[in-house]
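Given next are the chains, with one letter for each unit.
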Amino acid sequence: MRRFNSVTVDQEAHTAVIGAGGRLGNIALALYDQGKQAISHGTCPGVGVSGLTLHGGYGMSSRLHGLTLDQLVSVTVVLHNSTVVTASPTSNPDLFWALRGAGAAFGIVTDFKFKTFDAPESNLVFSYNLSPSNTSQLANILTVLQNFTIHDQPPELNMRMFLPNQLTGVYYGNRSAFDTIMNPLLTKLNIPLEGRGAGTVSTKKWIDTLTSFSNGPLPQPEIYDYHENFYAKSLMPEYLSPAAMTALADYYFTTARNIRGRSWYLLIDMHGGSGSAISKVPADETSYSHRNAVFKMQFNDRIFPDSATYTPKMMEFLNGWVDAIEKASEGEQFGMYINYADTNLTKADAHSRYWGEHYERLVGIKGVYDPQKVFEGPQLVGS
Ligand SMILES: Cc1cc2nc3c(=O)[nH]c(=O)nc-3n(C[C@H](O)[C@H](O)[C@H](O)COP(=O)(O)OP(=O)(O)OC[C@H]3O[C@@H](n4cnc5c(N)ncnc54)[C@H](O)[C@@H]3O)c2cc1C
């Protein structure tokens, strides 16, 4: 799909038609070049717009503008019998519902039409260091962040924590409003408001804001051949109990920080709560099934060199972390995000974790739009 990469903005209508083979960095630059427009999307510039949009799309403006799929106006899709259709609220609305959360199983998208917004040009990009030295301190930090996310975090504030010690994000507003919101939180987290250890806050324009979270330059080559060898998991909890927080933190101190020769991270995005645009969309409006998740947790473990084999034994590390959290949650099974596909899940487990109560309706729509199961994948709807 790489040549389906055009980006055409209608500045008056605040919409853009984006080819399905585009990558996020190039798309952000093209939108900006055409009237300083933007959409909400993931942080890494090499990620493709299609997989991201068809299954979610969370990034550093999602609390204000929603997921990438929430900005969709319509989609052009090639169906199993080669017919080309439009999916939108008025044209094939059931297909449009399915494409916004489970899209890979229904056809080949050729372009997306998105609502756009004016790129904000004065944004506060921040980074703070935390220093938990034991299980209870780390569990306390996570509990403070969870309470803040559920009750107090406004849409303009997008934030994430890399365990155990980095809190970063962006605020779309002015410094005094930022201080009013953040200072009470920083105090609870034992982060000094000024002087040594006070963290950094800098004002950035839109493209620089994106670049702050992109791990490299935004422009991407058309022939993209970059690979990593990793295993990933996710959890989308609506709430983590005190016991679950303790289990999460304990696993870090007893197991994760002793892992050698690998590069792992646990990234916790503050996804939901009363102030998040994602949670404001009714649960059944799209097939994305994690509207009420407070955190989006991505567990990632990478080995080197990239030609090495990631063995089943190695999977025990991240599987053990997720098991420890769920066992402490009275055996609760949380949702998981298909965009961090977990190859270790059975089909049935994948279907229920990725799509929850939406799964049966998705199977029905699959039967209508792809009865012969042309669009197959190990964990996709109907597999
Ligand atoms: C480095 C990195 C950073 C990431 N950061 C984020 C992030 O910040 N936020 C976030 O939400 N996610 C993030 N992700 C996850 C990302 O959303 C998924 O990996 C996503 O599936 C990538 O989509 P793709 O089109 O590049 O991948 P692909 O592997 O090409 O596609 C993924 C799935 O979508 C299907 N698909 C692809 N194109 C089409 C099409 N045109 N029509 C129909 N189906 C199609 C494929 O068949 C496949 O099932 C990140 C991933 C990586 C590797």
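Residues numbered from 1 in each chain as written. Predicted model: local features only at pLDDT ≥ 70, side-chain atom pairs only at ≥ 80, totals over all residues. Heavy atoms only, no water.

Visitor: Please provide a residue-by-residue account of empty space enclosed by the protein, values included.
Guide: Summed over all chains, the structure comprises 1 cavity of 30 Å³ or more. Reported here for the largest cavity is a volume of approximately 120 Å³. Lining the largest cavity are 14 residues; nearest its centre among them are His-41, Gly-42, Thr-43, Met-60 and Leu-210. Elements with a contribution of two residues or more to the lining of the largest cavity: helix 1 (24-33) and helix 7 (206-212). Considering each element in turn, the lining of the largest cavity owes the most residues, 3 residues, to helix 7. Taken together, the residues of the lining of the largest cavity sort by class into 8 nonpolar, 6 polar and no charged. (1 Å grid on protein atoms, 1.4 Å probe; cavity = no way out; pocket = protein on both sides within 12 Å on 5 of 7 lines; lining within 4 Å. Points joined across faces, edges and corners; volume = space filled by probe spheres on them. Helix = DSSP H or I, 4+ residues; strand = E, 2+ residues; numbered from the N terminus. Nonpolar A, V, L, I, M, F, W, Y, C, P; charged D, E, K, R; others polar.)

Visitor: Requested: an account of the sheet that holds strand 4 (residues 72-78), with residues and values cited.
Guide: The strand order across the open sheet formed by 5 strands is 1-2-6-4-5, and the pairing between neighbours is antiparallel. In the strand order of this sheet, the two ends are held by strand 1 (7-10) and strand 5 (84-87), each with one partner. Here the average twist between neighbouring strands, direction ignored, is 15°. Sheet analysis places strand 4 next to strand 5, joined by 4 bridges and oriented antiparallel. When the bridges of strand 5 are listed, Val-78 appears paired with Val-84. Each of strand 1 and strand 2 (15-19) touches helix 1; the most contacted strand, strand 1, lies at about 35° to it. (Pairing = 2+ DSSP bridges. Axes fitted to C-alpha atoms, helices over the stretch in contact; angles between N-to-C directions. Contact = heavy atoms within 4.5 Å.)

Visitor: Outline the packing of helix 4 (residues 93-102) against helix 12 (residues 359-369), supporting the account with residue identities and numerical values.
Guide: Viewed as axis vectors pointing N to C, helix 4 and helix 12 meet at an angle of 120°, and their least axial separation amounts to 10 Å. Classified by the interaxial angle, the pair formed by helix 4 and helix 12 is oblique. As for the relative orientation of helix 4 and helix 12, their crossing is left-handed in sense. Facing helix 4, whose interface residues are Asp-94, Leu-95, Trp-97, Ala-98 and Ala-102, helix 12 presents Arg-361, Leu-362, Ile-365 and Tyr-369. Classifying every residue of the contact of helix 4 with helix 12 gives 7 nonpolar, no polar and 2 charged. (Parallel < 35°, antiparallel > 145°, perpendicular 65-115°, else oblique. Left-handed = near helix turned anticlockwise from the far one by under 90°.)

Visitor: So what's going on with the pattern of salt bridges? Which residues, and what values?
Guide: Once their charged atoms are close, side chains differing in charge can pair, the charge on each being opposite to the other. Scanning the entire structure with this criterion turns up 13 salt bridges. Measuring nitrogen to oxygen at the nearest pair gives 3.1 Å for the salt bridge that ties Asp-269 to Lys-296. Of the two residues, Asp-269 sits in strand 13 (residues 262-270) while Lys-296 sits in strand 14 (residues 295-303), which places them 27 residues apart along the sequence. Across the pair, exposure class does not vary: Asp-269 and Lys-296 are buried alike. The structure contains a network of salt bridges with shared partners spanning Arg-2, Arg-3 and Glu-222. (Salt bridge = Lys/Arg side-chain N within 4 Å of Asp/Glu carboxyl O. Buried < 20%, exposed > 50% of the residue type's maximum accessible area, 1.4 Å probe, protein only.)

Visitor: Go over the nonpolar core with me, naming the residues and quoting the values.
Guide: Within the largest apolar cluster, 94 residues are counted, with the highest numbers of intra-cluster contacts made by Phe-106, Met-159, Met-161, Leu-163, Met-297, Trp-321 and Ile-325. Beyond its immediate chain neighbours, meaning those up to four positions away, Phe-106 contacts Leu-79, Leu-95, Ala-98, Leu-99, Leu-362, Ile-365, Lys-366, Phe-375 and Val-381. Counting 14 residues, the second-largest nonpolar core is a separate cluster that includes Met-60, Ala-119, Ile-207 and Phe-213. (Core = buried A, V, L, I, M, F, W, Y, C linked by side-chain atoms within 4.5 Å.)

Visitor: Which residues make up helix 5 (residues 135-152), and what values go with them?
Guide: Along an α-helix, residues three or four positions apart point the same way, because every turn accommodates 3.6 residues. Across its 18 residues, helix 5 extends 25 Å between first and last C-alpha, which sits within 8% of the 26 Å expected from 1.5 Å per residue. What helix 5 keeps buried is the set Thr-135, Leu-138, Ala-139, Ile-141, Leu-142, Val-144, Leu-145, Gln-146, Phe-148 and Thr-149. (Expected span 1.5 Å × (residues − 1).)

Visitor: Would you mind going over unusual backbone geometry in detail, with residue names and values included?
Guide: Across the junction of Leu-163 and Pro-164, the peptide omega takes the value 0°, indicating a cis bond. In this fold, Pro-164 is placed in the loop between strand 9 (157-162) and strand 10 (166-171). The residue after Phe-304, namely Pro-305, is reached through a cis peptide bond having omega -10°. If you trace the backbone, Pro-305 turns up in the loop between strand 14 and helix 10 (312-327).

Visitor: Which residues make up helix 12, and what values do they have?
Guide: Within the span of helix 12, buried status applies to Tyr-359, Leu-362, Ile-365, Lys-366 and Tyr-369. Axial view of helix 12: buried residues confined to an arc of 120°, hence all on one face. Residues of helix 12 that are exposed and point more than 90 degrees away from the buried face comprise Glu-360 and Val-368. On its buried face, helix 12 sits against helix 4 and helix 11 (347-355). (Arc of directions from axis to C-beta.)

Visitor: Give me the lowdown on the site of the ligand, citing residues and values where you can.
Guide: For the ligand, the set of nearby residues contains 20 residues, the closest of which are Gly-48, Gly-51, Tyr-58, Val-109 and Tyr-337. Here an oxygen atom of the ligand and a backbone polar atom of Thr-43 are 3.0 Å apart. At 3.4 Å, a backbone N or O of Leu-52 approaches an oxygen atom of the ligand. Protein chains bury 65% of the 960 Å² of accessible surface belonging to the ligand in isolation. At the level of secondary structure, the elements contributing two or more residues to the shell around the ligand comprise helix 2 (49-55) and strand 6 (108-115). Sort the elements by how many residues they give to the shell around the ligand and helix 2 lands first, with 5 residues. (Near = heavy atom within 4 Å. Polar contact = N/O pair within 3.5 Å; in protein donor to acceptor, adjacent residues only side chain to side chain. Areas by Shrake-Rupley, 256 points an atom, 1.4 Å probe, with all protein chains shown as cover.)

From the geometry alone we can't say anything about function, so treat these as descriptive.
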